[in-house]
Amino acid sequence: MVERSFARDIKPLFRDKDRSSMSVRFDLWSCHDVRDNAAAIWEALRAGTMPCDGPWTADDVARFARCVADGMAE
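This structure is a prediction, so every number in the text was calculated from the model and none was measured.

(A) Layout of the overall build of the protein chain. Along the backbone of the protein chain there are five helices and zero strands. Along its sequence from the N terminus, the protein chain presents helices and strands in the succession α-α-α-α-α. Against the globule reference of 11 Å for 74 residues, the protein chain gives a C-alpha radius of gyration of 11 Å, in line with a compact fold. Overall size of the protein chain, expressed as C-alpha extent along the three principal axes, is 35 × 25 × 20 Å. Residues classed as buried in the protein chain amount to 34% of the 74 residues present. Restricting to contacts in the protein chain with at least 6 residues of sequence separation, those with at least 24 account for 52%. Total accessible area computed for the protein chain in this model is approximately 4,500 Å², and 53% of it derives from carbon and sulfur atoms. Computed over 11 positive and 13 negative side-chain charges, the separation of the two mean positions in the protein chain equals 2 Å.

What follows is the structure, encoded as structure tokens:
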């Protein structure tokens, strides 16, 4: 089993501009905030509405989903 972590696998996917555009709701560079809002973030990623300038690849969306399913270790 591959050990996934927020710091290594997810945080680098969120750019500075993604973080600043979402800062009024939560911090995309905070494992705690992303974990608490994972369902809404995943839905937006899956729908292609986040980030606002173009969707993540299917592999990156799947990586996010796997990390959430694994409990999103820091």
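After that view, the rundown keeps rolling.
(B) Fine view of the packing of helix H4 (residues 38–47) against helix H5 (residues 58–69). Two numbers describe how H4 lies on H5: the axes approach to 10 Å, and their chain directions differ by 160 degrees. Taken together, the axis directions place H4 and H5 in an arrangement best described as roughly antiparallel. For the element pair H4 and H5, the recorded crossing hand is left-handed. Residues Ala38, Ile41, Trp42, Leu45 and Arg46 of H4 lie in contact with H5, whose contacting residues are Val61, Phe64, Ala65 and Val68. For the contact of H4 with H5, the per-class residue count stands at eight nonpolar, no polar and one charged.

(C) Examining the side chain of serine 5 more closely. Mapped onto the elements of the fold, serine 5 is located in the segment before helix H1 (6–10). Within the structure, the side chain of serine 5 is placed 3.1 Å from the backbone nitrogen of arginine 8, a separation counted as a polar contact. With sequence-adjacent residues up to four places away left out, serine 5 is seen in contact with Ile10, Cys67, Ala73 and Glu74.

(D) Structural view of the pattern of salt bridges. Throughout the structure, instances matching the rule amount to eight salt bridges. Among the ionic pairs, aspartate 70 bridges to arginine 4, the shortest N-O distance being 2.5 Å. Of this pair, aspartate 70 sits in the segment after H5 while arginine 4 is found in the segment before H1, placing the two residues 66 residues apart along the sequence. Two residues, aspartate 27 and arginine 19, come together in a salt bridge whose shortest N-O distance is 2.7 Å. Overlapping salt bridges, with partners in common, bring together Arg15, Lys17, Asp18 and Asp53 in one network.

Cut-offs used in this document
- Residues numbered from 1 in each chain as written.
- Predicted model: local features only at pLDDT ≥ 70, side-chain atom pairs only at ≥ 80, totals over all residues.
- Heavy atoms only, no water.
- Helix = DSSP H or I, 4+ residues; strand = E, 2+ residues; numbered from the N terminus.
- Rg over C-alpha atoms; globule rule 2.2 N^0.38 Å.
- Buried < 20%, exposed > 50% of the residue type's maximum accessible area, 1.4 Å probe, protein only.
- Contact = heavy atoms within 4.5 Å.
- Areas by Shrake-Rupley, 256 points an atom, 1.4 Å probe, with all protein chains shown as cover.
- Lys, Arg positive; Asp, Glu negative; His and termini not counted.
- Charge placed at Lys NZ, Arg CZ, Asp CG, Glu CD.
- Axes fitted to C-alpha atoms, helices over the stretch in contact; angles between N-to-C directions.
- Parallel < 35°, antiparallel > 145°, perpendicular 65-115°, else oblique.
- Left-handed = near helix turned anticlockwise from the far one by under 90°.
- Nonpolar A, V, L, I, M, F, W, Y, C, P; charged D, E, K, R; others polar.
- Polar contact = N/O pair within 3.5 Å; in protein donor to acceptor, adjacent residues only side chain to side chain.
- Salt bridge = Lys/Arg side-chain N within 4 Å of Asp/Glu carboxyl O.

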